[in-house]
Amino acid sequence: TPATPADQAPAVETVAAQTDAGMEAPGTSIEPAAELPATETQTPQPIATGNTSDMPQEQAGVHYKVSPPPSVELKYDVKKVSGDGNPLHGYGTISWHSNGTSYVIHGDAGVLFITALTFTSEGTIDEFGVAPVIYSEKRFRKSATNTHFHRQRNTISFSASETSYPRKGGEQDRASIIWQLSSIGRGDSEKFMPDAAFDIFVAGVRDGEIWRIHVIGQEDIETGLGKTATWHVVRAPKPGSYDQKLDIWLTPQHEWYPARLRYTETNGDTLDMLLSDMRGTSAR
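Remember, predicted model here, so these are calculated numbers, not experimental data.

This brings us to the side chain of Asp272. Examined against the element boundaries, Asp272 turns out to sit in strand S18 (residues 270-280). At a separation of 2.7 Å, a polar atom in the side chain of Asp272 contacts the side chain of Arg260. Residue contacts for Asp272: discarding those within four places in its chain leaves Asp77, Val78, Lys79, Arg260, Leu261 and Arg262.

Encoded structure:
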């Protein structure tokens, strides 16, 4: 855990703040991004819904140069392996559309004839880079959820819980985080080096936390487009967490698009998405 081509957005300064089932995105208006100062990264603490007087001091992330990639539709071969060890095969797509000031991400993944997961993220491109306004997710046999990044109230809230967090800029959702990393790679590739790490606040469907994303190193992988050089990064949840582990392989030779995604559950189940084809500006 997501095509009309768009011109590549110029590099800008930014602040940086998975899946066996999926997302439907209701229509939403994009509120203008507020201009906010940047401070040192710390984990935002949840606040009681509606109680803005007790909001803790908001924190922002590290500044990066970012250059969001051109619009594209990516197709993936999907393999799901459960506890019985028998793989199930399927399909997946992730589309990224951006005109330089706003973006829409839509993705889905399925095995056999079942769509396991659909998701959508909509937002703007601002001084922090990819800046979500709403994230929607729909998993198989589960209700759809929405995560809202309120610009006027500067809070992050969830339809699936009463938890909320202060919003200052640089925060991501589970779909946009991949494209924020892609944008950092295109805008400031020197940030990618073995043992480097990115600390970015990521909101899920019920709550959020700082994700520490480790850079493992450079790896060559085989995709539907042939052998491609990638940067392998991984987000491992904290000990005791029931959240997914996420491995991402970003390919610089194809605009830093995600060439492979692998989601690993705490019970060992995996969902692997391997790039098979792409359509868009950079695919010409």
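With that settled, the discussion passes to helix H1 (residues 176-187). Given 3.6 residues to a turn, an α-helix orients residues that are three or four positions apart in the same direction. Relative to the 16 Å expected for 12 residues at 1.5 Å per residue, H1 spans 16 Å between its end C-alpha atoms, a close match to the ideal helical length. Here H1 lies mainly inside the structure; 11 of its 12 residues are buried. Buried residues of H1: Ser176, Ile177, Ile178, Trp179, Gln180, Leu181, Ser182, Ser183, Ile184, Gly185 and Arg186, and no others.

So, about a nonpolar patch on the surface. A cluster of nonpolar residues, Leu88, Leu112 and Phe113, forms a patch on the protein surface that exposes about 380 Å² of accessible area. With respect to the helices, strands and loops of the structure, Leu112 is situated in the loop between strand S6 (102-111) and strand S7 (114-126). Taking relative accessible area as the criterion, Leu112 reaches 54% and is therefore assigned exposed.

Tracing the chain through its elements places Ser276 in strand S18. Separated by 200 residues in sequence, Ser276 and Tyr76 have C-alpha atoms that sit 5.0 Å apart. Not counting residues up to four positions away in its chain, the partners in contact with Ser276 are Lys75, Tyr76, Asp77, Gly224 and Leu225.

Moving on to the side chain of Thr147. Looking at the secondary structure, you find Thr147 in strand S9 (residues 145-150). Residue classification places Thr147 among the buried positions, given a relative accessible area of 0%. A distance of 2.6 Å separates a polar atom in the side chain of Thr147 from the backbone oxygen of Gly204. If we ignore the near neighbours within four places in the chain, the residues touching Thr147 are Val133, Ile134, Tyr135, Ile156, Ser157, Phe158, Ala203, Gly204 and Val205.

Let us now look at the confidence of the model for the protein chain. Mean pLDDT over the protein chain works out to 81, with 77% of the residues at or above the 70 mark. Confidence drops under pLDDT 50 across residues 1-42; counting only partners more than four residues distant or on other chains, this segment forms 185 contacts. Note that residues 47-59 has pLDDT below 50 and, in this model, 27 contacts with residues that lie over four places away or in other chains.

Our next topic: the pattern of salt bridges. In the structure shown here, the tally under the stated rule is 10 salt bridges. The partner of Glu209 in a salt bridge is Arg235, with the nearest N and O atoms 2.8 Å apart. Separated by 26 residues along the polypeptide, Glu209 in strand S14 (residues 208-223) and Arg235 in strand S15 (residues 226-235) bring together distant segments of the chain. The residue Asp272 makes a salt bridge to Arg260 at a minimum N-O spacing of 2.7 Å. Placement of Asp272 in strand S18 and of Arg260 in strand S17 (residues 257-264) is noted, with a sequence separation of 12 residues between them. When its relative accessible area of 13% is taken as the criterion, Asp272 is described as buried. When salt bridges with common partners are traced through the structure, they connect Arg174, Glu209, Arg235, Lys238 and Asp243 into a single cluster.

Rules and cut-offs
- Residues numbered from 1 in each chain as written.
- Predicted model: local features only at pLDDT ≥ 70, side-chain atom pairs only at ≥ 80, totals over all residues.
- Heavy atoms only, no water.
- Helix = DSSP H or I, 4+ residues; strand = E, 2+ residues; numbered from the N terminus.
- Polar contact = N/O pair within 3.5 Å; in protein donor to acceptor, adjacent residues only side chain to side chain.
- Contact = heavy atoms within 4.5 Å.
- Expected span 1.5 Å × (residues − 1).
- Buried < 20%, exposed > 50% of the residue type's maximum accessible area, 1.4 Å probe, protein only.
- Patch = residues over 30% accessible without salt bridge, like charges linked within 9 Å, V, L, I, M, F, W, Y side chains within 5 Å.
- Areas by Shrake-Rupley, 256 points an atom, 1.4 Å probe, with all protein chains shown as cover.
- Salt bridge = Lys/Arg side-chain N within 4 Å of Asp/Glu carboxyl O.
- pLDDT = per-residue confidence, 0-100.

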